[in-house]
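What the coordinates show
For reference, the chains in residue letters:
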Amino acid sequence: MPTIEVNYEDLQELVGKHIPLDVLQEEGIMYAKGEVDEIEGETLKLDMKDTNRPDLWSAEGIARELQGRYAGITGLPEYNVQPSGLVVKVDRKLKNIRPLTVCAVVKNLNINHNALSQMIQLQEKISMTFGRNRKEVAIGVYDFHKIKGPIRFTSVKPNGIRFVPLEFTKPMTPEEILKKHPKGREYAHLLEGFHEYPIFIDSAGEVLSLPPIINSNHTGKVTTATRDVFIECSGFDFRLLMPALNTIVAALADRGGEVQSVKVEYGSRTVVTPDMKPGKTSLDIDYANMISGLNLDARKMSMLLKQARYDAKVRGKKIDLLYPAYRQDIMHQRDIVEDLIISYGFGRAEPVIPKIQTAGGVSRLQKLTDTAAEVMTGMQFQEIMSYMLTNKGALFEKMGMPKGSVVEIENTVSANWSVFRDRLLPGLLEFLSKNKHREYPQRIFESGDVVIPDSKAETGAVDRRHLSAAASGSGVGYEYMAGVLNAFMKNIGTDFSLKASNYPSFIEGRCAEITVSEKVIGIIGEIHPKVLNMWGIENPVVAFELDIEKAFTSAS
Amino acid sequence: METNIYSSGRGVVIYRITDEGRRYIREGLPEERLLKILKKPMLIVEVRRKAKDFTIALAWAKKRGWVKIEKNRIAAVKAPAKAEEKEALKRLAQGKTVPEKTLSLLVRRKLVVKEKEDAFRRAEKLIGKEVNALPPELIKTGLWKKVKMRPYNVEAVGPVIYPGKRHPYNRFLSDVRDKLVQLGFKEMEGPTIESEFWNFDALFQAQNHPSRDWTQTYTLKKPKTGSLPSPDIVSRVKAAHENGWKTGSTGWGYKWDPAKAAQLMPRAHGTACSARQLASGVEVPGKYFAIKRCFRPDVIDATHGVEFNQCEGIIIDESMTFRKMLGMLKMFAMEIAGADDVRFYPDYYPFTEPSVQLSAKHPDMGWIEFAGAGIFRPELTEPLGVKQPVIAWGLGIDRLAMFRLGIKDIRQLFSQDIDWLRKQKVMI
């Protein structure tokens, strides 16, 4: 869901028709699966919804969709491709580093300010979102006249070559670039662990770029004065690289550029790119109506699809379709049905309230939880809610407990939220520690899931629904909490007993295990003052915690 | 209620005649009544039928040596001497004194109870005075007639009391749950820690494809990997990714890696529960929902948390269409959000096609993005064994909860301020 900026005037020029701003906002932009987020003067900030349609992430692509509805330009946009004669030789050495590239040449461009900013933006958004932050797709655009073919896509040792990277003045080795250049530092992880780095180099020995990191300052700089460009996309999968290249080529062609192909040689195998040949598919008319509920006839359906820039021919109960080469998102008829509905207009499709009779119900676990909460609130306990994510300090150190095994996050946002809670009680103590200056007594409880590592479980861990209650204030003691627990268990109809026990979080001799049919289902006790000190709590705290499902097991 | 005061040497004691004692004053002691029946030896069963309070009567008559039992008959041994208890009860009822020995006999027979002297003394001292509280002694002795009850400032606001309450956010979620149940939805469950298989692969999100980056997700340091479901499901999902299986799709066209699918992660969206539900079997027609904690490594601010609740669900029905989906969403917006107008926009989810976003116009909040929905892709539903169209929807309940609770920062939903919780009104 990239956010892009386009110039309103530029967009209308590309469409070839004036579109009032309110029409664009309320209706037009929906044809490109977008939303106008903000308007700043001539600049429209757009939220483009479809992560799988990079062709819609530039003014040129949006204009194509709008032409179908507002300028009477329907059907397949056509792109002519002439051979450029340029050859790119791909070295086998790249097999495990960055094995593939697809390339194109576009000539006779008249790159004004809008065209340039759209090109740069499109390139960035594709490599960021569609190219998974350059990992799958990295794109380079170069001044064609500064390159002497054939080009080689090969690899070099980290310090095996020197060139001036973009926006720098001194030549650097790839190794230096990864350490010193801002882009080098940002993307160095993509080349981590390789003994050689990928490089585009021309026959004069001039380096074009170090993909997926940076272009050279000499060849890889495009300005409004540039007339002809060479474009390459590198990565691992043609299914991502081809539509990325085709999208950029189509955008430049829409601005009057002449597209020329490049021969990319993989040993004896040659791939000629860009391949702008349209894709072929067909749509079953009944299926389209069954999914959409729109009940359209074949004529209307093909008209709507032509507006969505397909070529459409009715053949019996089907419509044969051609779609542009920059689209790689059409895998199933269903994808075409969506285009059809968008073309029809989401605002025009009349909602129908379905009449489907089913019996509803909450889960058993939720019922038990609500019952437990009802009993606790009846004893004047206030329910609290905590995050399931916490940290080892709260779970172990501050509870006076030895470190135990918990589910741990790898890519943490904050050390505070680095593991999953395996008990609720630490959260209750944290809550009490934040309310030292509030009125006492404080009686709180929480019912929620805790996560227990379990190597035998399908997902390596199991959820248990726990109930924990704590009371704090002067004069609050073990006996009181034992009474609360007793009332709780009596009211849910479960016989239980308490067995003296020792847990480091509790005062010795003031702690017991809660057992039901000889099985331990929880614990009750008075919190040890050393634990209170660590949380900074100044009043005594008594608490219990139990497993809700186990507590209800013997309930009659 | 009769109360009788007996002054002993040690002070004032109250002896109160029990209901049983009062009955014996009227009817006579059970053992006396027994002797009246027993003109000649009689069968025990017969006596039992005729004598009221038979068990008590027999016990005391035997104790006093008035009767004996021979085989199955009871016979009077001698004429009864006058029993002191009845006389003592009568005297007590008249407020006269009774020897202490007799009193303890009456207490033993539970015909009289002895009450605390201090409470009564205290009550007695209040005679003629103005009182605040009404002690039980004043009420039951009737001495309340002899005191003046001080009038209170009844218009003063009472003291602060903090009742035990559900958390307001949980209360709100319960409310949503109730409405969904009323609309015929059954609640689903699913684990917090998921495999990538259920979070992504079963939802037809290709490995190493941008659709996988649709949301930021957490990865785990430990545990790292789990196990995959039944080989049947796994092979169908694999085929759907690689070549579309039998769905009529091209699939993603890459080699699907089971090791990647077995990696564990915290659930990133409630849709993982829906995938599990579809695979484990669903009713047709069927409606299911889940309100679950989800986890994403987002930048934390007033509208984003790393942990939040998602309300998601599915509807399975042969006749489901895009237009019916719009109708369902419109109903949600009106029933759950109290919206009076709705608008639909195209949207994108990797697992639905077509996809829609619903904005709802709330009379006070204005336009809000309220729901996202779509029809699950056939590459998702068919490998999980479901042929019918399945609508998947998710509601932006956190936003609605914030509005209902009058808060501006999403973090306050998990507020750690007890005063805020104490002051929250109980919503209807």
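Everything numeric here is computed off the predicted structure, so don't read it as measured data. (Residues numbered from 1 in each chain as written. Chains lettered and ligands numbered in written order. Predicted model: local features only at pLDDT ≥ 70, side-chain atom pairs only at ≥ 80, totals over all residues. Heavy atoms only, no water.)

**Regarding the overall build of chain A**
Stated formally: Only runs of H or I of at least four residues qualify as helices and only runs of E of at least two qualify as strands under DSSP, and these elements are numbered from the N terminus. It is over C-alpha atoms that the radius of gyration is taken, and the globule rule equals 2.2 Å times the number of residues to the power 0.38. Under the scheme applied here, a residue whose accessible area is under 20% of the maximum for its type counts as buried, over 50% as exposed, and between as partly exposed, the area being computed with a 1.4 Å probe on protein chains only. Contacts are residue-level and defined by heavy atoms, with any inter-residue pair within 4.5 Å sufficient. Calculation of accessible area relied on Shrake-Rupley with a 1.4 Å probe; when residues are assessed, cover is drawn exclusively from the protein chains displayed. The charge count treats Lys and Arg as positive and Asp and Glu as negative. His and the chain ends do not count. Taken as the charge centre is NZ of Lys, CZ of Arg, CG of Asp or CD of Glu, depending on the residue.
Across its full length, chain A holds 16 helices and 26 strands. Computed over C-alpha atoms, the radius of gyration of chain A comes to 33 Å, more than 25% over the 24 Å expected from 2.2 N^0.38 for 556 residues, which places it beyond the range of a compact globule. Reported as C-alpha extents along the three principal axes, the dimensions of chain A are approximately 90 × 65 × 50 Å. Per-residue burial for chain A yields a buried fraction of 59% across its 556 residues. Restricting to contacts in chain A with at least 6 residues of sequence separation, those with at least 24 account for 70%. Surface summary for chain A: the accessible area is close to 22900 Å², and the carbon and sulfur share equals 48%. Across chain A, the 67 positively charged side chains and the 71 negatively charged ones have centroids separated by 5 Å.

**Some remarks on the overall build of chain B**
Tallying secondary structure elements over chain B gives 17 helices and 18 strands in all. Since a compact globule built from 428 residues should have a radius of gyration of about 22 Å, the 40 Å found for chain B marks it as more spread out than a globular shape. Projected onto its principal axes, the C-alpha coordinates of chain B cover approximately 110 × 65 × 45 Å. Relative to its full complement of 428 residues, chain B shows a buried share of 55%. For chain B, contacts bridging at least 24 residues in sequence account for 64% of all contacts bridging at least 6. Of the side-chain charges in chain B, 75 are positive and 51 negative, and the distance between the mean point of each set is 13 Å.

**Quick notes on empty space enclosed by the protein**
A water-sized probe, rolled over the atoms, reveals where empty space remains. Filter applied, for reference: Think of a 1 Å grid over the protein atoms and nothing else: a 1.4 Å probe that fits but is trapped marks a cavity, an open set flanked by protein within 12 Å on at least five of seven lines marks a pocket, and residues with an atom within 4 Å of a point count as lining. Grid points are joined across faces, edges and corners, and a volume is the space filled by probe spheres set on the points. Amino acids are sorted into nonpolar (Ala, Val, Leu, Ile, Met, Phe, Trp, Tyr, Cys and Pro), charged (Asp, Glu, Lys and Arg) and polar (every other residue, Gly among them).
A full pass over the atoms with the stated rule returns 5 cavities of 30 Å³ or more. When its volume is computed, the largest cavity comes out at roughly 360 Å³. Of all the elements in the fold, those that place two or more residues in the lining of the largest cavity are helix 11 (364–378) and strand 21 (442–453) of chain A together with helix 9 (168–182) and strand 13 (286–295) of chain B. Grouping the amino acids of the lining of the largest cavity by side-chain chemistry returns 5 nonpolar, 7 polar and 11 charged. A volume near 90 Å³ is recorded for the second largest cavity. Classifying every residue of the lining of the second largest cavity by side-chain character gives 5 nonpolar, 2 polar and 6 charged.

**A closer look at the interface of chain B and chain A**
As a reminder of what qualifies: Accessible surface is computed with a 1.4 Å probe, and the buried area is the amount of it that two parts give up when combined, taken over both parts together. Put simply, a salt bridge is a Lys or Arg side-chain nitrogen that is within 4 Å of an Asp or Glu carboxyl oxygen. Two N or O atoms form a polar contact when they lie within 3.5 Å of each other; inside protein one atom must be a possible hydrogen donor and the other a possible acceptor, and for residues adjacent in sequence the pair counts only when both atoms belong to side chains. We treat two strands as partners when DSSP finds at least two bridges between them.
Tallying the contact residues gives 102 residues for chain B and 89 residues for chain A. Contact between chain B and chain A buries roughly 8700 Å² in total, counting both sides, with carbon and sulfur atoms accounting for 56%. Ranking the residues of chain B by area buried against chain A places R323, P346 and Q416 of chain B at the top, with a combined share of 9%. Between chain B and chain A we count 10 salt bridges in total. The interface formed by chain B and chain A contains 54 residue pairs in polar contact (both at pLDDT 80 or more). Ranked by residue count, the leading element in the side of chain B that touches chain A is helix 14 (residues 322–335) of chain B, at 8 residues. Taken together, the residues that form the side of chain B that touches chain A break down as 43 nonpolar, 27 polar and 32 charged. Where strand 19 (residues 408–409) of chain A lies against strand 11 (residues 220–222) of chain B, 2 bridges are found, and the strand directions are antiparallel.

**Let's talk about the domain arrangement of chain A**
Counted only if it meets this: As annotated, the domain borders come from an automatic or database domain assignment.
Each assigned domain of chain A is listed here: domain 1 (3–71), domain 2 (81–273), domain 3 (279–344) and domain 4 (364–552). Computed over C-alpha atoms, the centres of domain 2 of chain A and domain 3 of chain A are 35 Å apart.

**Description of helix 13 (residues 271–280) of chain B**
Residue and element names in this part refer to chain B. Among the 10 residues that make up helix 13, 8 are buried, leaving the element largely enclosed by the rest of the structure. Three or more residues of helix 13 are buried, namely T271, A272, C273, S274, A275, R276, Q277 and L278. With its phi angle positive at about 105°, G281 sits one or two positions after the end of helix 13.

**Focus on the pattern of salt bridges**
Under the counting rule described, the total for this entry stands at 72 salt bridges over all chains. With a shortest N-O distance of 3.1 Å, E196 of chain A and K157 of chain A are connected by a salt bridge. Here K157 of chain A lies in the loop between strand 7 (151–156) and helix 5 (174–180) and E196 of chain A lies in the loop between helix 6 (182–187) and strand 8 (197–201), a separation of 39 residues in the sequence. Residue E196 of chain A is classed as buried on the basis of its relative accessible area, which comes to 16%. The partner of K186 of chain B in a salt bridge is E283 of chain B, with the nearest N and O atoms 3.4 Å apart. Here K186 of chain B is found in strand 9 (residues 186–187), whereas its partner E283 of chain B is found in the loop between helix 13 and strand 13, with 97 residues between them in sequence. Overall, K186 of chain B belongs to the partly exposed group, its relative accessible area being 28%.

**As for the pairing of strand 26 (residues 541–547) of chain A**
Residue and element names in this part refer to chain A. Counting buried positions over the 7 residues of strand 26 gives 7, a clear majority of the element. Both faces of strand 26 are covered, namely the face carrying V541, A543, E545 and D547 and the face carrying V542, F544 and L546. Summarising the sheet, strand 25 (residues 519–527) and strand 26 pair through 5 bridges and their orientation is antiparallel. Note that in strand 26 the partner of I523 across the bridge is E545.

**Observations regarding the environment of V362 of chain A**
Take V362 of chain A: it is sitting in the loop between helix 10 (333–344) and helix 11. What makes V362 of chain A partly exposed here is its relative accessible area of 25%. Leave out the neighbours within four places in its chain, and V362 of chain A touches K367 of chain A together with R177, V181 and E187 of chain B.

**Some remarks on helix 14 of chain B**
Test applied: By this rule the span expected of a helix is its residue count minus one, scaled by 1.5 Å.
With 14 residues, helix 14 of chain B should reach 20 Å at 1.5 Å per residue; the first-to-last C-alpha distance of 20 Å fits that figure. Within the span of helix 14 of chain B, buried status applies to F322, M325, L326, G327, M328, L329, M331, F332 and A333 of chain B.

**Remarks on the domain arrangement of chain B**
Under the domain assignment used here, chain B contains domain 1 (4–149) and domain 2 (168–423). When each unit is reduced to the centre of its C-alpha atoms, the spacing between domain 1 of chain B and domain 2 of chain B is 74 Å.

**Structural notes on the side chain of D422 of chain A**
Residues and elements named next belong to chain A. One can find D422 in the loop between strand 20 (419–420) and helix 13 (425–433). Within the local environment of D422, its side chain forms a polar contact with the side chain of R423, the two groups lying 3.1 Å apart. Leaving out residues up to four positions away in the same chain, D422 has contacts with L395, F396, S405, V406, V450, V451, I452 and H466.

**A look at the state of the cysteines**
For the record, the criterion: Throughout, a disulfide means two cysteine sulfur atoms within 2.5 Å of one another.
Applying the stated criterion to the full structure yields 0 disulfides over all chains. For the unlinked cysteine C103 of chain A, the closest cysteine sulfur is that of C233 of chain A, found at 7.9 Å. With no disulfide of its own, C311 of chain B lies closest to C294 of chain B among cysteine sulfurs, the gap being 10 Å. Look at C311 of chain B and you get buried, because its relative accessible area is 0%.

**Section: the packing of aromatic side chains**
Rules: Each Phe, Tyr or Trp ring (for Trp, its six-membered ring) is paired with any other whose centre lies within 6.5 Å, and the angle between the two planes then decides the class: stacked below 30 degrees, edge-to-face above 60, tilted in between. Put simply, a charge is over a ring when the Lys NZ or the Arg CZ is close to the ring centre, within 6 Å, and near the line of the ring normal, within 35 degrees.
Throughout the structure, instances matching the rule amount to 18 aromatic pairs over all chains. Ring plane angle 80° and centroid distance 6.3 Å describe the contact between F197 of chain B and W256 of chain B, whose orientation is recorded as edge-to-face. Taken together, the positions of F197 of chain B in helix 10 (residues 196–199) and W256 of chain B in the loop between helix 11 (231–243) and helix 12 (258–261) put the pair 59 residues apart, joining distant regions of the chain. A residue is classified by how much of its surface remains accessible, and F197 of chain B, at 0% relative accessible area, is buried. A residue is classified by how much of its surface remains accessible, and W256 of chain B, at 2% relative accessible area, is buried. Following the ring pairs from residue to residue traces out a cluster consisting of Y387 and W417 of chain A together with Y169 and F414 of chain B. Of note, K63 of chain B hangs over the ring of W60 of chain B, and the distance from its end group to the ring centre comes to 4.5 Å.

**Concerning the sheet that holds strand 14 (residues 279–284) of chain A**
Residues and elements named next belong to chain A. To keep things clear, this is the line we draw: To get an axis, a line is fitted to the C-alpha atoms, and for a helix only the part in contact is used. The angle between two axes follows their N-to-C directions and goes from 0 to 180 degrees.
Taken together, 3 strands build an open sheet; the order of strands is 14-16-15 and the sheet is antiparallel. This sheet does not close on itself; its edge strands, each paired only once, are strand 14 and strand 15 (311–315). Direction aside, neighbouring strands of the sheet carry axes that sit 25° apart on average. Pairing geometry for strand 14 and strand 16 (residues 318–323), over 6 bridges, is antiparallel. Across the sheet, G279 pairs through a bridge with Y323, a residue of strand 16. Strands in contact with helix 8 (residues 285–292) are strand 14, strand 15 and strand 16; relative to strand 14, the strand with the most contacts, it is inclined by about 70°.

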